[in-house]
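Per-entry structural report
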Amino acid sequence: ASLLTAATLRCRLHLTLPPNRAAMASDFSLKDPARSSAARGSRHSQHQSIDLSQSMVESGNAFGDPPRARPSWLQRQWTFFCGTPCRAMLGCGTIVLLGLIIFVPIILLVIVPIVVNMFVNATTMTIISATLMEPLPSTMLIDTWVELNNAGPIAAKLSGFNATLVGPKGRDIGWLVFPDVPLDANSANLQHVLSQMTIMNEQAIYEEGLDLLAGRPVTWRIKGETTLTTLGFGFKVDIDKPLTFPGVLLENFQTRNVRINYANASYDDNGHSGMIVMDADLEFSSSSILQFDRIGMLRADLWYNKDANDAEKWGFSKVFRELHGSRLCTPEMNANNKCCKPEDQDEDGVCKEGVEVWKEVSENIGWCDMYDFKVLRGVNRVKASIFLYNSETNGYNLGRWVSQWEQTIISVGPTNKFFLNKVWQGLVTLEAGPTKMFTGGLVDKQTLVQGYDLETGQNCGLTTSSAETCNRGSIISGVNPFVREWALKDISYDVYFDEKIEYDAKFVINALGNTLSVPAVDIQCAASDTFARMQTRPGMLAYTPNNDPRVEGGPSSGFAVDGYRKNTIGGQDATMLKCISREDPGSATDGECEGLDDLLSDQTIPLPKGSTNGTGTYTFFLTATPFPGRAETINTGAHGIDPCVLGIDSLVSFDCCLMTVTTAAACKAEQKGKKHIDVISRGNATMIVDGMDMIVYPVVKLPLSYTEEVVEFDALAETSAVLSAVAKAGFNCDEIKWTGVTAEEACAPNGWGSPCSCCEYDPAINCAEAC
């Protein structure tokens, strides 16, 4: 049985047989049965030993062959342990147990951690949304949703750990506590992380913040050690994951609804004396998933580039203004040759040779406090207070604002948020004012032809006025762009036409009912766009009796009457009309004109409280004076620069070209089909707020309306009862003839000039017939 069951077993048998059996045995051969039969005849009388050796595997062996070698130790152990089925089972179980004891720790301690780290390394982290909040001197709260994509085939839990944020340059920026994170197998896991970040390197986060708030994404690495638990076992893993924060770009940053709050005349800091404080609404938008909330009050410095915001100079190009207005070049940067693009600077920030160096220098004009500041995805609106220094630069800024110019301001901040200070530099658009400070002007018989005596409030008379007291000019109307009262004084404007005008004219005297016509002066005026220098003078508010100061919206309404000047007494029905009445100067009740002297000496224009219903309107008189150097340049005829009307300065003290230019411009407008003259005013005025004087520099384009008396100019009208009855001295559109640049346009084919005004330029036109 053993031979048959163990095929590879070799057996050695030593048989001792009795004589009678030995013969039988010797006759037996397993290899040759025939031999056994032949041997049966032989008999032996003694015992014989037969050595049988047979291999059950190899053929050719037979009993009596030479013995095989002794089995090896391994063979004997195998026979011992596996020689029977029971021994085989017991031996194999022992081997398996030994294998488990040896290999399981190897798998758990070596192979599995390698596999776990492989899956951890394959896991990705993506920011779904992030909010930065509550910055303190060295900490900031981070509220974010992170998507972790688990690449492993089994679920696990990532234990919380201290995560270090490392910047692109390898600098540790800060650290925060990362919470426990459950990870589903082969799926994305959304995890909310609310943790306080401790800042480790302020310079590093400042540099990273510059990129972040310029709209460029920033990738930081999260590093740390933690435990990953899966199938009940915990494995230490190293975390080193890139985490990209999207850039934040504050777009369409607008300043709206600017309102004067108050002025502080006693403020004295940074070389500035006085400050004006304005309220405003800020509006901007962001499309980034990175947000800022619970920031509190945020303060930012304001810088203004006076040259880049000169809209007239650059043709009112918004693209040019925003390009040049966004270039921050402080006086210190300009002095150190650092006004160029960052990529054009060397390691010390100095501009390299041959690069474009910015010429426009920005000045610090104050700061802005933004309350409950936040940056959320979408449109953001923030209340703000703007603190502006009383400076020349701010004078241009405010002057252009009240002129309805859109401007750009550079904001640099914050300046009160510790490690975040000055990480943002952005361009803020200052929306144009809701209305122009000056909305229009009017020239008529009383203001231009007759003139206005500032000492009496009456029109000039031939014998009662002089060149020093008789003023000619324009009534100016305006609307207060702010919702509170303030005042103006010391206005001085250089007024220009919107294009050059060149003409000849005749000053004609018609006497005795037009039976006698005498050409007094032939006038030649060279091409020029200059008009006059317009200035305020004492008495400008008492110019004519055609406005009741008690009428809402009149020149002295509201604040002006009740709070600024007591112009009248006698209650609500009292007016200044009777006080300056030409028809009956003494008709006013005694005492009612007590405020007239104030009006005639007042140099201040009160601006009543502005609002949407038009109650903030006001008017005043501006005196026209010769533009410096204009008379010598423009008057090319024999008349020279002397007073034009018979040389009598009490009639008209203007030179001939200044006296006739308003009529010529009105005739030009009329022939073009317009009812006003377009003029541009450039100059300065002093605004008064809460006792603080601030010079502003408005540039206003406004319509100058005119009446028929300007087109039919009569210098003798109502100057004297006798003269005005028997004679007229002046000119009209028939006496205005276009020459030079004006004639080239007006008298060209399909030109706008009338036949009469072009007859001297175009020989085909007969002046006698045309005029």
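Our subject is the structure that appears above.
Definitions and limits used
Residues numbered from 1 in each chain as written. Predicted model: local features only at pLDDT ≥ 70, side-chain atom pairs only at ≥ 80, totals over all residues. Heavy atoms only, no water. Buried < 20%, exposed > 50% of the residue type's maximum accessible area, 1.4 Å probe, protein only. Helix = DSSP H or I, 4+ residues; strand = E, 2+ residues; numbered from the N terminus. Pairing = 2+ DSSP bridges. Core = buried A, V, L, I, M, F, W, Y, C linked by side-chain atoms within 4.5 Å. Contact = heavy atoms within 4.5 Å. Axes fitted to C-alpha atoms, helices over the stretch in contact; angles between N-to-C directions. Arc of directions from axis to C-beta.

Of all 15 residues in strand β13 (residues 272-286), 13 are buried, a share of seventy percent or more. In this sheet, β13 lies alongside strand β12 (residues 251-269) in antiparallel orientation, the contact comprising 11 bridges. Bridge pairing links D268 to S273 in β13. Where β13 meets strand β17 (residues 378-389), 12 bridges bridge the pair, whose relative direction is antiparallel. Looking across to β17, one finds that L282 is bridged to V382.

Our next topic: the nonpolar core. Within the largest apolar cluster, 145 residues are counted, with the highest numbers of intra-cluster contacts made by I276, M370, L488, Y503, M687 and W738. Setting aside residues up to four positions removed in sequence, Y503 forms contacts with Q524, C525, C657, T660, V661, A664, I736, K737, W738 and T739. M275, V277, W367 and F387 belong to the second largest nonpolar core, which has six residues in total.

Before going further, it helps to spend a moment on the sheet that holds strand β18 (residues 407-413). Pairing in this closed barrel of seven strands is mixed, and the strands run β12-β13-β17-β16-β15-β18-β19 around the ring. With strand direction ignored, the average angle separating the axes of adjacent strands in the sheet is 40 degrees. Packing against the sheet, helix α7 (residues 318-325) makes contact with β15 (298-305), β18 and β19 (424-430), and its axis sits at approximately 25 degrees to β18. Helix-sheet contacts for helix α9 (residues 392-402) involve β12, β13, β15, β16 (362-370), β17, β18 and β19, and the interaxial angle to β18 is about 130 degrees.

It is worth spelling out unusual backbone geometry at this point. Of the consecutive residues G413 and P414, the connecting peptide bond is found in the cis state with omega at -5 degrees. Its location among the elements puts P414 in the loop between β18 and β19. A positive phi angle, near 50 degrees, is found at N186, a position not held by glycine. Structurally, N186 is set in the loop between β8 (181-183) and β9 (188-199). Phi is positive for D690, close to 50 degrees, though the residue is something other than glycine. Residue position: D690 is located in the loop between β29 (676-689) and β30 (692-696).

Next up on the list: helix α6 (residues 202-212). Within α6, the full set of buried residues consists of A204, I205, E208, G209 and L212. Viewed end-on, α6 has its buried residues packed into an arc of 130 degrees, placing them on one side of the element. Among the structural elements, β7 (172-178), β9, β10 (218-230), β11 (233-245) and β14 (290-293) are those in contact with the buried residues of α6.

Keep in mind that these numbers describe shape and distance, not what the molecule does.
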